[in-house]
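The chain contents come next:
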Amino acid sequence: MARAGELTGRKVLITGASSGLGQHFAKLCAAHGAQVAVAARRSDRLRALLEELPADSGRAHAAVELDVCDADAVRKAVRQTAETLGGLDILVNNAGTARSGSPLNQTINDFDAVMDVNLRGVWLMAAECGRYWREKAVPGNIINIASVLGERVASGVAAYCVSKAGVVQMTKAFALDLARHDIRVNALAPGYFETEINAGFFETDAGKQMIKRIPMRRIGNFEDLNGPFLLLASDASRYMTGAIMPVDGGHLVSSM
Ligand SMILES: NC(=O)c1ccc[n+]([C@@H]2O[C@H](COP(=O)([O-])OP(=O)(O)OC[C@H]3O[C@@H](n4cnc5c(N)ncnc54)[C@H](OP(=O)(O)O)[C@@H]3O)[C@@H](O)[C@H]2O)c1
């Protein structure tokens, strides 16, 4: 039986790895034997992260400076990463952004900024990796990082909610179209985890009230994502595609 979490020899590309969840996923993958390419725009942070990743001979990790909204850059980054790592098995489509405020006070630029990263970027990365795997006739595995806000809504982050609902549908639609190429596409839908994307929120009254509405009465620790992430990344989930896995302390089933 495939062991959940076994990633030895797997080559993993992780976007948005310069902070927060992406950085955690990079450390997790490396700790479980994978060779990792970390991508984001802040390359200084990526280089610092590389220093922290366990490596051994024949398992060199890589840093890839990348804006996921740039189609040409994405194409080059996927090809170069596959060349550097000697292949590619898993894409963790994690880069994301948010803009807060009422939709009545935001400009269309705020909307575009969120859609560019959370939808266009996720699409570009998934499509490019998919094309690479189809060309090489090898299996592929995509883990999109959606959100509980792809299924329910919270105040002041309308564009983010819309974008993550798009990621949920993109996960299912890509899963359907790519299964014939032996490419699996699943998503994690995290609840709330303290990172730069929500810096300061949990200290506000609204943040404290929100935590009380989580059935488990706490925000997540990064380690809470380990089991579900490793399940999707490893062969333990080999017959799963199109699944959206909430990791949210029960937030999605909170009482209305
Ligand atoms: N934290 C939560 O509670 C939570 C809950 C549900 C879902 N999520 C999702 O989890 C993912 C990671 O978020 P996080 O919480 O870890 O937030 P974070 O710390 O702000 O990380 C976001 C990452 O995305 C990268 N990024 C943003 N725009 C980019 C672009 N144009 N090109 C390449 N990379 C870009 C950032 O790197 P650079 O700025 O260096 O490019 C950064 O590494 C996001 O998709 C987020 O929506 C988070």
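Above: the structure in question.
Description of the structure in this document. All values derive from a computational prediction rather than experimental measurement. (Residues numbered from 1 in each chain as written. Predicted model: local features only at pLDDT ≥ 70, side-chain atom pairs only at ≥ 80, totals over all residues. Heavy atoms only, no water.)

Notes on the environment of His24
Right, on to step 1. With respect to the helices, strands and loops of the structure, His24 is situated in helix 1 (residues 20-31).
Right, on to step 2. It is 27 Å that separates the C-alpha atoms of His24 and Asp112, two residues lying 88 residues apart in sequence.
Right, on to step 3. Those residues in contact with His24 that sit more than four places away from it in its chain are Phe222, Glu223 and Asn226. (Helix = DSSP H or I, 4+ residues; strand = E, 2+ residues; numbered from the N terminus. Contact = heavy atoms within 4.5 Å.)

Details of the pairing of strand 5 (residues 140-145)
Right, on to step 1. Burial analysis of strand 5 places six of its six residues in the buried class, which makes it a mostly covered element.
Right, on to step 2. Neither face of strand 5 is left uncovered, since the one carrying Gly140, Ile142 and Asn144 and the one carrying Asn141, Ile143 and Ile145 both have all their residues buried.
Right, on to step 3. Taken together, the four bridges between strand 4 (residues 90-93) and strand 5 define a ladder with parallel strand orientation. Paired with Ile90 across the strands is Asn141, a residue of strand 5.
Right, on to step 4. Remark: the strand 4/helix 4 (residues 108-136)/strand 5 crossover connection has right-handed handedness.
Right, on to step 5. On the question of chirality, the crossover connecting strand 5 to the parallel strand 6 (residues 183-190) by way of helix 5 (residues 158-178) is right-handed. (Buried < 20%, exposed > 50% of the residue type's maximum accessible area, 1.4 Å probe, protein only. Pairing = 2+ DSSP bridges. Right-handed = clockwise from strand over helix to strand, strands pointing away.)

A closer look at the packing of aromatic side chains
Right, on to step 1. A full pass over the atoms with the stated rule returns five aromatic pairs.
Right, on to step 2. With a centroid separation of 4.9 Å and an interplanar angle of 80°, the aromatic rings of Trp123 and Phe174 are classed as edge-to-face. With Trp123 in helix 4 and Phe174 in helix 5, the pair connects residues that are 51 residues apart, well separated along the chain.
Right, on to step 3. With relative accessibility at 10%, the residue Phe174 sits in the buried group.
Right, on to step 4. Members of the aromatic cluster, joined through ring pairs, are Tyr192, Phe201 and Phe202. (Phe/Tyr/Trp six-rings, centres within 6.5 Å; stacked < 30°, edge-to-face > 60°.)

Structural measurements only, silent on function.
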